[in-house]
2 protein chains.
Amino acid sequence: MKVAVGIDIGGTNIVWGFVDQQGVVQAQGNFLTADFSTPAEFVRTTSNAINEVIQNNSDFQLSGIGIGAPNGNYFHGTIEDPPNLVWNGIIPIRQMFEGFFDLPVCLTNDANAAAIGEMQFGAAKGLNDFVIITLGTGLGSGFVANGNLIYGHDGFAGELGHTIVEIDGRKCGCGRRGCLETYASATGIVRTAKIMLEKHSGVSLLSELDHITSKNIAVCAEKGDELALQIFDYTAKKLGFSLANTIAISSPEAIILFGGLANAGKLILEPTQRYMEQNLLSLFKNKVKLLLSQVPEKNAAILGAAALVWKTESNNTFVKTST
Amino acid sequence: MKVAVGIDIGGTNIVWGFVDQQGVVQAQGNFLTADFSTPAEFVRTTSNAINEVIQNNSDFQLSGIGIGAPNGNYFHGTIEDPPNLVWNGIIPIRQMFEGFFDLPVCLTNDANAAAIGEMQFGAAKGLNDFVIITLGTGLGSGFVANGNLIYGHDGFAGELGHTIVEIDGRKCGCGRRGCLETYASATGIVRTAKIMLEKHSGVSLLSELDHITSKNIAVCAEKGDELALQIFDYTAKKLGFSLANTIAISSPEAIILFGGLANAGKLILEPTQRYMEQNLLSLFKNKVKLLLSQVPEKNAAILGAAALVWKTESNNTFVKTST
């Protein structure tokens, strides 16, 4: 059976799995990121775990290893100054895995891996031009045009979360102000909620909460809480506006929402679509589908990273670290 | 000698030429657009002119015909509701030329043709990821990623001029408000000049002009006129801001300015670069070249349209109208 290994490196967890070409996870495991004080330890431990699975499954034909990581650079095969990892600097992760496996190894950032996963196994099957938006702690994005990811000349394309949507707007972790992700992300909506709750004079279920999260704003909105609905509306206004501008640039067939805040489903989808359509050039109106991801979130990170192997194999664009 | 015909359809002029693979125009001609009351007349007359050149140059091996036109759609081979032409509706221009020539015919919009021309013969030689911005009556743009134009799913990608940079900003010809082209284009800068001149209490060379054009604003700025320089600064501020957001999406190696307003050279280039850098995410700072076009403007439209033939030939992506 042809399989690829997908590894997702997150701030909290590292998950890995053997995925077949139908998107079924045949074996998997996970670690706490904090358990590895150096990337070398992580690579050694993960490689040993992968090798153990290979030894126990003689029918596995391993095509390669795909890795999704914050600031993962496809061209360089490096993780560069990752914002949420304890490991610093430029980590030559592809080369390190190549030391353990004589196989193609490929790396990209988590949003790009999600885009490839969606194309192989989810809502973007058969689409050549689409955008994925990951609404997690930040806002990540992956752009596919002509059937291929847009990496840009340096491997860092797709930073829609750091386009400025409000001049002199909210302070962003990147050091600037008004970035889209300060409004449209799981943390952005919490900021909105805190600001709106402070100004709010009426009753709201939100004021009874000990701790505001994007999830419990959604729970309140589901119950019809007016303020919670306004918070979603404000978030959607910023996101819809930005998506309309994005469509004018790349004219995708679909935009797919994924991740924490996307789990709010139609609470975020419907107002975002309305604001997106309101702001669109007439040429693009009623043409672009706004969809929720169809890759099961539980395995999405592994599936995306593994799909990167199949995609790179079919394009014949594996990069090997020159030594 | 291998040649391609390039045809550029503009609101005022139609120019056509035989271009060799080095970008030398071997034969050319032009018409007034208004001389043709129907597209059929234009196609017949131009085809006859092309056939005459072929008969007189037995060494020409014609690879195909490339056409640049407002709202030219690469996929459909149609000009769709062109904003500045007297011809209306959806014009199947590729199919009409196919009736006269048993050769590949390809069509795209003028900004995309400019991008391809720049890649073949100009400042984008050897670049796989770049953006061209045409600063004429409007603002057009062509995005190249992974070595290929981004057409989008419907052939209409690249409308950077119609991204909104100012909510409730200037009224745009598209019916919306605040589009980039209402600020950054030859007409946009004239609007800025009129607004700023009205508010201006000091002396300015601009107040002596009968008629304000982007060209004579540049002439005044060259002479050190303070108001004219402020007008360029304001224009550059809007453009630079928008380019910074654009870079976050597609991370191009270069952005190339072309057309009327780009002829102002460093008057527009330098402040635009400054504002662009100011607004960039640190990941992208000091990495992206802002350049002026290196295709001679006189022949740029023909060269771009002809280059579309070479590009489509090398990609093997000619589309033939199915009958």
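Quick notes on the rules
Residues numbered from 1 in each chain as written. Chains lettered and ligands numbered in written order. Predicted model: local features only at pLDDT ≥ 70, side-chain atom pairs only at ≥ 80, totals over all residues. Helix = DSSP H or I, 4+ residues; strand = E, 2+ residues; numbered from the N terminus. Rg over C-alpha atoms; globule rule 2.2 N^0.38 Å. Buried ≥ 20, exposed ≤ 12 C-beta atoms within 10 Å, placed from the backbone. Contact = placed C-beta atoms within 7 Å. Domains from an automatic or database assignment. Nonpolar A, V, L, I, M, F, W, Y, C, P; charged D, E, K, R; others polar. Pairing = 2+ DSSP bridges. Axes fitted to C-alpha atoms, helices over the stretch in contact; angles between N-to-C directions. pLDDT = per-residue confidence, 0-100. Least-squares fit on C-alpha atoms with pLDDT ≥ 70 in both. Parallel < 35°, antiparallel > 145°, perpendicular 65-115°, else oblique. Left-handed = near helix turned anticlockwise from the far one by under 90°. Arc of directions from axis to C-beta.

1. Observations regarding the overall build of chain A
- Each helix and strand in chain A was counted, giving eight helices and 13 strands.
- The C-alpha atoms of chain A give a radius of gyration of 20 Å, which matches the 20 Å a tight globule of 323 residues would have.
- Structurally, chain A occupies a C-alpha span of about 65 × 45 × 35 Å along its principal axes.
- For chain A, with 323 residues in total, the buried portion stands at 52%.
- Long-range pairs, those at least 24 residues apart, make up 63% of the contacts in chain A with a sequence separation of at least 6.

2. Focus on the domain arrangement of chain A
Residue and element names in this part refer to chain A.
- Once the domains are mapped, chain A shows domain 1 (2-116 + 297-315) and domain 2 (127-292).
- If you look at the interface, domain 1 gives twelve residues, while domain 2 gives 13 residues.
- The dominant element in the side of domain 1 that touches domain 2, judged by the number of residues it contributes, is helix α3 (residues 110-121), at six residues.
- Within the side of domain 1 that touches domain 2, the residues separate by chemical class into six nonpolar, five polar and one charged.

3. A closer look at the environment of Glu 98 of chain A
All names here are of chain A.
- Counting through the fold element by element, Glu 98 comes out in helix α2 (residues 93-98).
- With 222 residues separating them along the chain, Glu 98 and Lys 320 place their C-alpha atoms 8.4 Å apart.
- In this view, Glu 98 contacts Val 105 and Thr 321; residues no more than four positions away in its chain are not counted.

4. A look at the sheet that holds strand β1 (residues 2-9) of chain B
Residues and elements named next belong to chain B.
- Strand order across the open sheet formed by five strands is β3-β2-β1-β4-β8, with mixed pairing between neighbours. At either end of the open sheet lies a strand with only one pairing partner, and these are β3 (25-32) and β8 (105-108). Between one strand and the next, the sheet's axes are offset by a mean angle of 15 degrees, whatever the strand orientation.
- Bridge count between β1 and strand β2 (residues 13-20): seven bridges; the pairing is antiparallel. Note on β2: the bridge partner recorded for Ala 4 is Val 19.

5. Description of the confidence of the model for chain A
- When pLDDT is averaged along chain A, the result is 94; 99% of the residues meet or exceed 70.
- Here the complex is predicted with pTM 0.94, and the ipTM for its interfaces comes to 0.93.

6. Observations regarding the relation of the copies chain A and chain B
- Rotating chain A by 180 degrees and translating it 0.0 Å along the rotation axis places it on chain B, where the RMSD comes to 0.0 Å. Here the two chains are linked by the operation of a two-fold rotation axis.
- Looking at chain A, 97% of its interface residues are interface residues in chain B too, so the copies touch through the same face.

7. Describing the packing of helix α4 (residues 186-199) of chain A against helix α6 (residues 226-250) of chain A
All names here are of chain A.
- Direction vectors running N to C along α4 and α6 enclose 130 degrees, while the axes themselves pass 10 Å from each other. When the interaxial angle is binned, α4 and α6 end up oblique. At the point where α4 passes α6, the crossing takes the right-handed sense. Facing α4, whose interface residues are Gly 188, Ile 189, Thr 192, Ala 193, Met 196 and Leu 197, α6 presents Leu 227, Gln 230, Ile 231, Tyr 234 and Thr 235.
- Among the residues forming the contact of α4 with α6, the class breakdown is seven nonpolar, four polar and no charged.

8. Digging into the interface of chain A and chain B
- Counting residues at the interface gives 32 residues for chain A, matched by 31 residues for chain B.
- A total of four residues in the side of chain A that touches chain B trace back to one element, the largest contributor, which is α6 of chain A.
- Grouping the constituent residues of the side of chain A that touches chain B by class yields 13 nonpolar, 14 polar and five charged.

9. Observations concerning the pairing of strand β4 (residues 61-68) of chain A
All names here are of chain A.
- One ladder, built from six bridges, connects strand β1 (residues 2-9) with β4; its direction is parallel. If you follow Gly 6 over to β4, its bridge partner there is Gly 66.
- Pairing analysis gives four bridges linking β4 to strand β8 (residues 105-108), with the strands arranged parallel. Across the sheet, the residue bridging to Gly 66 is Cys 106, located in β8.

10. Concerning helix α5 (residues 214-222) of chain A
Residues and elements named next belong to chain A.
- Taken residue by residue, α5 has Ser 214, Ile 217, Ala 218, Cys 220 and Ala 221 as its buried positions. The arc enclosing the buried residues of α5, seen along the axis, measures out at 160 degrees, which places them on a common side.
- Taken together, the buried residues of α5 touch α4, α6 and α7 (266-279).

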